[in-house]
Amino acid sequence: MWYKLGSAVLKYRVVLLALLLALTGVMGYFASKVQMSYEFSKAIPTDNLKYRDYQAFKKQFGEDGNLLVVGIQSEKFFSAAQFNAYRAMQEELKKVMGVEDILSIPTAVNLVKDSAGEKLNATRIFPEGQLGQAQLDSCAAVFSSLPFYRGLLYNPETNAYMMGLRINKEILASPKRTGVVNEIVAVTDKFGRSQNLDMKLSGLPLIRTQVADRIAKEMRWLLIGSLVLSAVILLLFFRSFSAMVISLLVVVMSVVWSLGTMFLFGYKITLLTALVPPLLVVIGIPNCIYFLNKYHVSYNETGVREEALRTMVARMGIVTLFCNIAAAIGFAVFALTKSEILKEFGVVAGINIMVIFLISFIFIPTVLSFLPAPKSRHTRYLENKWLLAVLDKLELWSLNHRKQIYLITAVLSIAAIAGMFRLRSEGFIVDDLPKTDKIYTDLKFFESNFKGVMPLEIVVDTKKPNGLRRNPLATFERIDSLSQFIAAQPEMARPLSIVEGMKFARQAYYDGDSANYGLPNSFDISFLAGYLNTKAAPGESNQLTRLVSSFMDSAKQQTRISVNMKDVGSKRLPELLAGIEGKTRQYFDTAQYRVTLTGSSITFLEGSTFIINGLKESIFWAFLLIALCMLYLFRSGRILLCSLIPNLIPLLITAGVMGWVGVPLKPSTVLIFSVALGIAIDITIRFLVNYKQEQTSSEAEKQSIIIETIHSTGISIIYTSLVLIAGFVIFCFSGFGGTQSLGWLTSLTLIVATVTNLVLLPALLITLTKKR
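These remarks concern the structure in this document.

What to know about the environment of Ile717
Next, step 1: With respect to the element layout, Ile717 can be found in helix H24 (residues 702-729).
Next, step 2: When the C-alpha positions of Ile717 and Thr669 are compared, they lie 26 Å apart, and in sequence the two are 48 residues distant.
Next, step 3: Not counting residues up to four positions away in its chain, the partners in contact with Ile717 are Tyr290, Ile683, Phe687, Thr754 and Leu758.

In structure tokens form, the structure reads like this:
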């Protein structure tokens with residue numbers, strides 16, 4: 001059948017080539033429209049309780065991850081020159097498109113009691129306009145007497161000061177966010193240069209935007225790097241410019257199709273889908289090498305180009321098909337998970353790995369049919385003395401030292417299993433970035449001075465409209481007790497809630513005495529209503545009132561406790577959350593209250609858990625489905641066992657190495673196993689198919705068939721492995737730690753898989769397929 005297909009491809013080569021190029025052009029048009037994802041990846045299923053809680057919170061209180069923070073550390077902040085320049089920077093930031101509000105010291109307000117009107121007025125602490133030093137000193141003294149702002153806008157112990165910019169959520173979900181963030185950075189940098197200060201910027205809007213932009217930029221460079229390196233290796237192997245160009249055109253077309261597929265499915269480029277184009281390069285090049293290798297071998301045997309092309313298609317068509325099916329399964333199983341980001345990656349990668357097969361199957365024989373027959377220098381690599389000597393050594397080991405092979409395999413497996421027990425699962429929001437990266441160091445600045453900027457939200461629901469007005473003192477005392485517990489945690493800042501506003505109001509009621517900053521008691525609860533209706537003086541920007549009103553819903557049924565915390569990681573965060581949940585059960589009667597923990601920190605943890613669990617499940621399903629494909633292909637339980645062991649050992653060793661060197665399990669590193677399995681099984685299939693094609697019924701000839709298989713497939717396997725390893729080494733130059741780990745760990749897995757398939761697999765074939 002495959003021989004006939006080869007003849008059909010050559011017969012209709014012009015039509016097929018024209019159709020392929022036309023479709024690629026259409027996909028190229030779609031590819032030009034694909035966009036970057038400017039949202040946090042949808043790692044949590046929409047039916048998940050944590051996801052629903054987070055959506056309900058955003059609907060009620062708005063976004064929790066739209067605050068960009070700007071920090072400085074200065075002993076001269078309240079000098080007239082620096083303060084006025086800081087205020088000028090704030091005014092300039094207000095003009096940036098998308099900046100909806102700014103919370104900062106220059107616009108901070110104080111509550112002042114109006115005895116005649118029996119109300120509290122919010123007035124600016126620092127008047128508008130240029131301030132002289134004497135006036136500034138007087139205002140600064142008032143500001144420093146207000147505990148409400150301590151730890152929120154400044155840290156008196158470290159002379160650190162913070163400004164918060166609330167960014168429009170529609171802007172944050174669009175490509176415009178890059179321009180907005182860049183403009184903010186430019187304005188703050190200008191101030192920093194003028195004052196000789198190191199500006200610190202952080203918050204989820206900045207982190208998400210800059211990371212997304214780096215993904216887009218890095219995807220291009222990784223793709224170019226993998227193409228250039230593959231081109232060099234192909235040119236060295238085949239000594240043929242045409243072979244190199246054919247191979248590169250195959251992978252370039254597959255990349256175009258992958259980007260077009262993203263657009264057609266409505267996907268955007270995420271941290272995972274950005275890996276698909278470079279992966280397709282390192283997966284597609286082996287297809288080309290095997291086709292070209294078989295073409296050159298067949299041409300050397302027949303000397304007839306057309307016959308060599310038909311033989312190439314007949315012998316390599318089914319092999320490449322099943323290799324690509326196995327690789328596609330390794331990725332497509334991600335689509336079976338509940339995580340949206342993994343589904344997208346699985347769908348795009350799985351479909352386009354099969355597209356690579358179709359492109360290779362049509363494009364390579366068609367183009368070769370128009371080119372002259374290969375010259376002797378193009379096939380000289382088939383007689384590479386160094387490689388032939390290596391294959392001779394591998395042959396001797398496989399046939400004559402099987403016990404030693406099994407012993408070494410057992411020792412390495414035991415060491416790997418011991419390393420696996422050291423594996424830990426932990427991820428951080430920015431742990432893929434180098435520790436010297438500005439995003440990382442700026443985040444650590446805010447963690448050191450303000451205990452972090454990662455948002456955690458706690459919603460207290462009284463279950464009844466106006467529930468916050470019924471016995472408010474008891475409710476607020478419970479919120480205050482919970483807030484004190486949270487503030488005592490070293491990883492969490494002092495929570496901001498309506499209770500803090502109540503304390504501020506109480507201080508104002510007692511004429512601004514900071515000793516009275518505390519929760520109103522039963523004696524002074526009578527002015528509670530006055531606080532809730534705080535009014536701004538005419539012309540004043542009531543920043544505090546807007547802030548407080550965002551902490552209570554219009555029905556007075558729900559209130560929120562907003563916490564900023566450190567990026568503590570997926571290991572420590574559950575412990576902190578468990579402690580908080582325990583206290584909520586202690587302070588809040590579940591019959592009267594429903595307390596919900598939500599926010600971006602919760603969704604990050606839940607998303608990481610779903611991704612890791614989904615990847616673990618996908619590895620199981622990939623292994624099972626690949627095993628079924630192997631069983632169908634070879635129709636032998638013994639051959640199946642021979643095929644699986646050489647691919648289990650590399651995965652085992654990689655997991656062991658991760659444990660011994662301390663690489664944690666996280667979404668980016670768990671991906672290694674599925675990627676490596678899908679690619680490494682390719683080597684096994686090619687070896688075993690060649691073995692089955694050469695096999696006869698004679699038991700005596702088994703060893704000679706294995707020897708022939710080692711030599712006939714060994715050269716292309718080694719060449720292909722070198723290309724794959726080089727392709728993944730490119731990932732080591734990534735700016736993301738997870739992508740770097742994907743590069744060197746996958747390369748390690750492929751090195752081990754090459755050795756096991758050329759040494760352990762032949763030994764197993766001799767041992768396990770002996771007739772009894």
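Concerning a positive patch on the surface
Next, step 1: Residues Arg239, Lys375, Arg377 and Arg380 make up a contiguous surface patch of positive charge.
Next, step 2: With respect to the element layout, Arg380 can be found in the loop between helix H12 (340-370) and helix H13 (385-400).

Concerning the nonpolar core
Nonpolar side chains tend to gather and get buried jointly when the protein is soluble and globular.
Next, step 1: Among the nonpolar cores identified, the biggest contains 195 residues, and Phe331, Phe363, Ile685 and Leu765 are the most heavily contacted of them.
Next, step 2: Considering each element in turn, this core owes the most residues, 17 residues, to H12.
Next, step 3: If we skip the residues at most four places from it in the chain, Phe363 touches Leu17, Leu20, Ile246, Leu249, Val250 and Met253.
Next, step 4: Met89, Ala108, Leu153 and Ile184 belong to the second largest nonpolar core, which has 51 residues in total.

Regarding unusual backbone geometry
Next, step 1: Phi is positive for Asn196, close to 55°, though the residue is something other than glycine.
Next, step 2: Mapped onto the elements of the fold, Asn196 is located in the loop between helix H7 (176-195) and strand S7 (200-202).
Next, step 3: What makes Asn196 exposed here is its relative accessible area of 72%.
Next, step 4: Unusually for a residue other than glycine, Lys556 sits at a positive phi of about 55°.
Next, step 5: With respect to the helices and strands, Lys556 occurs in the loop between helix H19 (543-549) and strand S10 (558-565).

Here's the deal with the packing of helix H9 (residues 241-264) against H12
Next, step 1: In contact at an axis separation of 9 Å, H9 and H12 are set at 145° when each is read in the N-to-C sense. Of the two elements, H9 crosses H12, and the hand of that crossing is right-handed. For the pair formed by H9 and H12, the contact residues are Ile246, Leu249, Val250, Met253, Ser254, Trp257, Ser258, Thr261 and Met262 on the first element and Val348, Asn352, Val355, Ile356, Ile359, Ser360, Phe363, Ile364, Val367 and Leu368 on the second.
Next, step 2: Each residue belonging to the contact of H9 with H12 can be placed in one class, and the counts come to 14 nonpolar, 5 polar and no charged.

Some details on the side chain of Ser721
Next, step 1: Along the chain, Ser721 turns up in helix H24.
Next, step 2: Here the side chain of Ser721 touches Thr754 through a polar contact of 2.7 Å, side chain to side chain.
Next, step 3: Here Ser721 is in contact with Ile683 and Thr754, once residues within four sequence places are set aside.

As for a nonpolar patch on the surface
Next, step 1: The grouping of Leu336, Phe620, Trp621, Leu624, Leu625, Leu628 and Leu631 at the surface amounts to a nonpolar patch, some 660 Å² of accessible area in total.
Next, step 2: Within the fold, Leu631 resides in helix H21 (residues 600-634).

Quick look at the pattern of salt bridges
Next, step 1: A complete count under the given rule lists 18 salt bridges for this structure.
Next, step 2: A salt bridge links Glu457 to Arg560, with the shortest nitrogen-to-oxygen separation between them at 3.0 Å. Here Glu457, found in strand S8 (residues 454-461), pairs with Arg560, found in strand S10; they are 103 residues apart in sequence, far enough to count as distant. Neither Glu457 nor Arg560 differs from the other in exposure class; each is buried.
Next, step 3: The salt bridge partner of Arg572 is Glu491, with a shortest N-O separation of 2.9 Å. On the criterion of sequence distance, the pair formed by Arg572 in helix H20 (residues 569-587) and Glu491 in the loop between helix H16 (472-487) and helix H17 (498-509) is long-range, its members being 81 residues apart.

Rules of the game
Residues numbered from 1 in each chain as written. Predicted model: local features only at pLDDT ≥ 70, side-chain atom pairs only at ≥ 80, totals over all residues. Heavy atoms only, no water. Helix = DSSP H or I, 4+ residues; strand = E, 2+ residues; numbered from the N terminus. Contact = heavy atoms within 4.5 Å. Patch = residues over 30% accessible without salt bridge, like charges linked within 9 Å, V, L, I, M, F, W, Y side chains within 5 Å. Areas by Shrake-Rupley, 256 points an atom, 1.4 Å probe, with all protein chains shown as cover. Salt bridge = Lys/Arg side-chain N within 4 Å of Asp/Glu carboxyl O. Lys, Arg positive; Asp, Glu negative; His and termini not counted. Charge placed at Lys NZ, Arg CZ, Asp CG, Glu CD. Core = buried A, V, L, I, M, F, W, Y, C linked by side-chain atoms within 4.5 Å. Buried < 20%, exposed > 50% of the residue type's maximum accessible area, 1.4 Å probe, protein only. Axes fitted to C-alpha atoms, helices over the stretch in contact; angles between N-to-C directions. Left-handed = near helix turned anticlockwise from the far one by under 90°. Nonpolar A, V, L, I, M, F, W, Y, C, P; charged D, E, K, R; others polar. Polar contact = N/O pair within 3.5 Å; in protein donor to acceptor, adjacent residues only side chain to side chain.

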